[in-house]
Amino acid sequence: MADQTHVLFVEDDDVIREATQLALERDGFAVTAMPDGLSGLEAFRTNRPDIALLDVMVPGLDGVSLCRRIRDESTVPVIMLSARADSIDVVLGLEAGADDYVTKPFDGAVLVARIRAVLRRFGHASGGDRADEADTAASGGVLTFGDLEVDTEGMEVRRAGQPVALTPTEMRLLLEFSSAPGTVLSRDKLLERVWDYGWGGDTRVVDVHVQRLRTKIGQDRIETVRGFGYKLKA
């Protein structure tokens, strides 16, 4: 297991849980599968997985609450699984700190692709593959935008001299903005560059993460350009 990417999978449906575990293991992942949120939280604390797949509707401790508990303790990547693409649970999961979501029923190959895309962003091995380093940062040094300082080499952020704790996805999003201050970046471009989507994706992922980032670096630091996207105020 030491050389494998370790996945925590929390799903209460026995058939889905067992079939998905087998599929992930065939692709080279080590999987710990749990049927409810409380056992999932215990498994997370015991095993410290590389990534967590959390179904929204699990008993004991629902997936959104479990995501919040995990995020309180760790920046490990989290993918939520939801039965409905239009469900408010998707947004709640992202607001709780999830990095992405997949709608059920899902194709095994699509799920693996999404897992690997997230892991590449976080610098983990993925089923035997090694991640490339992030290429979104500026050439180096500390970038300053008002009271905001972004250290693109040390991967640290300060606001008014105080450290700002960002998840890796939030950090990559900020690096995208800070590499082109004043330039409008479309949601599709951000999905491609930050989430590594080589296909169409749900722009709610971008919108929720921008909102989360705003609460940490200042609500007026990232401007919405209606109909086009977002830009970082220079």
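Residues numbered from 1 in each chain as written. Predicted model: local features only at pLDDT ≥ 70, side-chain atom pairs only at ≥ 80, totals over all residues. Heavy atoms only, no water.

Before going further, it helps to spend a moment on unusual backbone geometry. The peptide bond linking Lys104 to Pro105 adopts the cis configuration, its omega dihedral lying at 0°. Position of Pro105 relative to the elements: it lies in the loop between β5 (100-103) and α5 (108-122). We note that Arg48 has phi near 50°; this positive angle belongs to a residue other than glycine. Structurally, the position occupied by Arg48 is in the loop between α2 (37-47) and β3 (51-55). Here the phi dihedral of Met155 falls at roughly 55°; this positive angle occurs in a residue that is not glycine. You can see Met155 is positioned in the loop between β7 (148-151) and β8 (156-159). (Helix = DSSP H or I, 4+ residues; strand = E, 2+ residues; numbered from the N terminus.)

Attention now moves to the sheet that holds β5. Taking strand neighbours across the sheet as the criterion, the five strands line up as β2-β1-β3-β4-β5 in an open arrangement whose pairing is parallel. Edge positions in the sheet fall to β2 (30-34) and β5, since each has one partner strand and no second. When strand polarity is set aside, the average angle formed by the axes of neighbouring strands in this sheet is 20°. In the sheet, β3 pairs with strand β4 (residues 78-82) via four bridges, with the strands oriented parallel. Its bridge partner lying in β4, Leu54 is registered against Met80. (Pairing = 2+ DSSP bridges. Axes fitted to C-alpha atoms, helices over the stretch in contact; angles between N-to-C directions.)

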